[in-house]
Number of protein chains: 2
Amino acid sequence: MLIHSASQLLTLAGGPQRGAALGALNIIEDGALLINGEKIIAIGTSAELRAAYPNEPALDAGGCVVMPGFVDPHTHAIWAGDRAAEFEMRLQGKSYLEIMAAGGGILSTVRATRTSSLEKLITQTRPRLQAMFACGTTTAEVKTGYGLRMATELRMLQALLALNAEGPLELAFTFLGAHAIPPEYNDNPDEYTDLLCETMLPTLKEWWPSQAPDLPLPFVDVFCETGAFTLQQSRKILEKARALGFPLKIHADEFDNLGGASLAAELGAHSADHLVATSPQDIAALAASDTVAVALPCTPFGLAETHYTPARQILDAGGLLAIATDLNPGTAWCENMQFAIALACRYMKLTPAQAIAAATINSAAAVGRAAQVGSLEVGKQADVLILSVSDYRHLGYRFGGNLVRTVIKKGRPYPV
Amino acid sequence: MLIHSASQLLTLAGGPQRGAALGALNIIEDGALLINGEKIIAIGTSAELRAAYPNEPALDAGGCVVMPGFVDPHTHAIWAGDRAAEFEMRLQGKSYLEIMAAGGGILSTVRATRTSSLEKLITQTRPRLQAMFACGTTTAEVKTGYGLRMATELRMLQALLALNAEGPLELAFTFLGAHAIPPEYNDNPDEYTDLLCETMLPTLKEWWPSQAPDLPLPFVDVFCETGAFTLQQSRKILEKARALGFPLKIHADEFDNLGGASLAAELGAHSADHLVATSPQDIAALAASDTVAVALPCTPFGLAETHYTPARQILDAGGLLAIATDLNPGTAWCENMQFAIALACRYMKLTPAQAIAAATINSAAAVGRAAQVGSLEVGKQADVLILSVSDYRHLGYRFGGNLVRTVIKKGRPYPV
């Protein structure tokens, strides 16, 4: 299939973009690309490719932007129940304690998720993945972490494997058993840390290949934050995971600076995520590493907070920056990477070009898939968006809607 | 047609909601409504209406929320060109003067609109109206104001009349010849004010019935703001418009407090819009009147500003509050009233119920249509939304997407 007549073909060619290099879209005007099966096999101008492949079935982009599918590198897209009542209580001025007393907070999602069957988890999660796909996300990381005990965490992974097999949205998997201290360990958080290291992670290491023999091991992630896991507990869990061969991620500095970002850089994690209260030292440590800094602008927006990830400082230091939705039931129920881009422009002062690179090639790096997706290059997967606009800067400029007209996943087009 | 099995049928019955009364959704659980032609002819529980009308063709709401269509009471949805380049320059730290020197700002839209044919204006505006409708807006006010001379202003109205006739989105019309001082009157703004009063408004008064014999006169609106029209000029224009029989609106206090809100109340305007820098005195004057205070939260959001309309103070004073998108090419290209609701919850501290009432029955009042639309009541127009969720609080709680599954306009369903 030959996609031609793109006003701007954003290739994002050349690999992840570090520091000041962020925002190189590598645009081909009046561009075209040739897809064979699941792969891109040629890229050039419409004139070049139509001359070289005159008999290919054509898909006319109609003078619109063609670009790689978004890679959303941080979501909690699988859960049961919802927290609309909690949202309303917050607006009515209720305190966090009152909300907890009324059964709200993350543990309400844990309760609902623990009592959900595999089938129910799949049914509740599917429309969210469909909404992400319709908004142009072709690969999304999804975390467990509303089980906080092994049976439920594995059930969440099982549901995610089933949804990934169903497609078309392709998933990257993350085990977040260390999302919160489970209520039954409230007085003994170290004991839960030990359980994670000594039982849960080894169990996962055995279980995974039996369920997903063709997929690489999932990421292991820790919420390193006041009220969740200390830096020491986080180190213990991540070092154990690394020793077992798991790739790593961390939630760091959403509210307090505990040093999680530097820990991620030290341990060679694929990404450190949130990074709002991150210190200049942590930013320097990240920038000196290959760990991707993943900003989650929907989260402060969702909470009506004013502090966002200091993206310009991360870029000035030479860091690798990506953005994600953080889709979750508590702080940011948002499936749309285009909205994360609109926020990144306004509150992190990225240009549309920088935000687009942060949402494609750099976010692919954050989930270890920069060799397969995140750019349009010969040999890579044909994960392609056709927008309804002729200028890429409409991403960011416009907000609250969906500019994607067609999503092509592994070479197959899906109208939106 | 009988729509039944609504988990929550939000009727919003009882007319516009003032002050502390805002947010009365008047919900019927397991609700149903009966439509005949363009009108609602019965409302009740599913059991009641199915028993009373056993042979009606049924539309099963499937346990989802059913509510009135959104009324967007303030948009500049008709224009030519775009300002994506200006958005990018702003993010790169360029000053307002640099942007103006590069051909940006409102006058760039005026230039593009003045040179657009009727056909081109219609073609460029249609997809925006379609996007609004797909997001659940069934009635929208649209302003002229990118012509700033009579021929173009009338061409904009002609385009809007054609788009209104095309449907399905129903329009309310506003003449905003006083949107900005046209460049040719830069040194002589009073002369443009005189032109508006002595020539343009009387011309409009004659022209309108020849083009739209069945429609009421359009609103006349003035941008009362530093750099646009002074309070004195605004008064002159609005008084002349009132004398000619036009209903009134005003843009007031977006950046500076010039007293426009009190002027609106004094003159009996249908609405005063923006109201960010509004004083307690102005709020009191508004609250003592029937002028609706229309908040435009997408505008400070679009500009990444931190000040929003002081909604709680307006409600405490007993005012009538509505919300709108302010859809326009400079500060807020957003077609989605659901996003205005999400912002109103977070930045104006409305509850979802209050924001929904502000986006339906109260916004209908802001465009003088509260007797026809904005609530689901017997005898009113069948402008109805079926959402994809079972709890109305998902409006506000979730953001960046579209929760509308079906839009019913004048009794006719359109799947989204």
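These remarks concern the structure in this document. No experiment lies behind these values; they were computed from the predicted model shown.

On to the interface of chain B and chain A. Contacts between the two partners involve 39 residues from chain B, matched on the other side by 39 residues from chain A. Across the interface of chain B and chain A, roughly 3500 Å² is buried in total on both sides, 65% from carbon and sulfur atoms. When the buried surface of chain B facing chain A is broken down by residue, Trp333(B), Tyr397(B) and Phe399(B) rank first, second and third, together holding 22% of it. Two residues, Arg393(A) and Glu88(B), come together in a salt bridge whose shortest N-O distance is 3.0 Å. Listing elements by their share of the side of chain B that touches chain A, those giving two or more residues are helix H2 (84–91), helix H11 (298–302), helix H13 (337–347) and helix H16 (394–397) of chain B. Partitioning the side of chain B that touches chain A into residue classes produces 21 nonpolar, 8 polar and 10 charged.

Packed helix pairs are specified by the crossing angle of their axes together with the interaxial distance, meaning the distance between the axes. Residues and elements named next belong to chain A. Two elements in contact, helix H8 (residues 231–244) and helix H9 (residues 260–267), have axes separated by 11 Å at closest approach and are oriented at 20°. It follows from the interaxial angle that H8 and H9 lie roughly parallel. Seen from above, H8 lies across H9 with right-handed handedness. Contacts between H8 and H9 pair Leu231, Ser234, Arg235, Leu238, Glu239 and Arg242 from the former with Gly260, Leu263, Glu266 and Leu267 from the latter. For the contact of H8 with H9, the per-class residue count stands at 4 nonpolar, 2 polar and 4 charged.

Among the nonpolar cores identified, the biggest contains 228 residues, and Leu321(A), Ile323(A), Phe339(A), Leu321(B), Ile323(B) and Phe339(B) are the most heavily contacted of them. Apart from residues no more than four positions distant in its own chain, Leu321(A) is found in contact with Leu22(A), Val292(A), Ala293(A), Ala295(A), Ala311(A), Ile314(A), Leu315(A), Met348(A), Leu350(A), Ala358(A) and Asn362(A). By size, the runner-up hydrophobic cluster in this structure holds 16 residues, among which are Ile3(B), Ile40(B), Ala382(B) and Val384(B).

Here we take up helix H5 (residues 118–134) of chain B. All names here are of chain B. The end-to-end C-alpha distance of H5 is 24 Å, a good match for the 24 Å that 17 residues give at a rise of 1.5 Å each. Threonine 125 marks the point of greatest bend in H5, at about 30°, and the proline proline 127 comes within the next four residues. Among the residues of H5, Leu121, Ile122, Thr125, Arg128, Leu129, Met132 and Phe133 are the ones counted as buried. Two residues or fewer after H5 comes glycine 136, characterised by a positive phi angle close to 100°.

What follows covers the pairing of strand E3 (residues 39–45) of chain B. Where strand E2 (residues 27–36) of chain B and E3(B) come together, 6 bridges link them in antiparallel fashion. Residue pairing in the sheet places Asn36(B) in a bridge with Lys39(B) of E3(B).

Conventions and cut-offs
Residues numbered from 1 in each chain as written. Chains lettered and ligands numbered in written order. Predicted model: local features only at pLDDT ≥ 70, side-chain atom pairs only at ≥ 80, totals over all residues. Heavy atoms only, no water. Contact = heavy atoms within 4.5 Å. Buried area = accessible area lost by both parts, 1.4 Å probe. Salt bridge = Lys/Arg side-chain N within 4 Å of Asp/Glu carboxyl O. Helix = DSSP H or I, 4+ residues; strand = E, 2+ residues; numbered from the N terminus. Nonpolar A, V, L, I, M, F, W, Y, C, P; charged D, E, K, R; others polar. Axes fitted to C-alpha atoms, helices over the stretch in contact; angles between N-to-C directions. Parallel < 35°, antiparallel > 145°, perpendicular 65-115°, else oblique. Left-handed = near helix turned anticlockwise from the far one by under 90°. Core = buried A, V, L, I, M, F, W, Y, C linked by side-chain atoms within 4.5 Å. Buried < 20%, exposed > 50% of the residue type's maximum accessible area, 1.4 Å probe, protein only. Expected span 1.5 Å × (residues − 1). Bend = angle between axes of the 7 residues up to and from the residue. Pairing = 2+ DSSP bridges.

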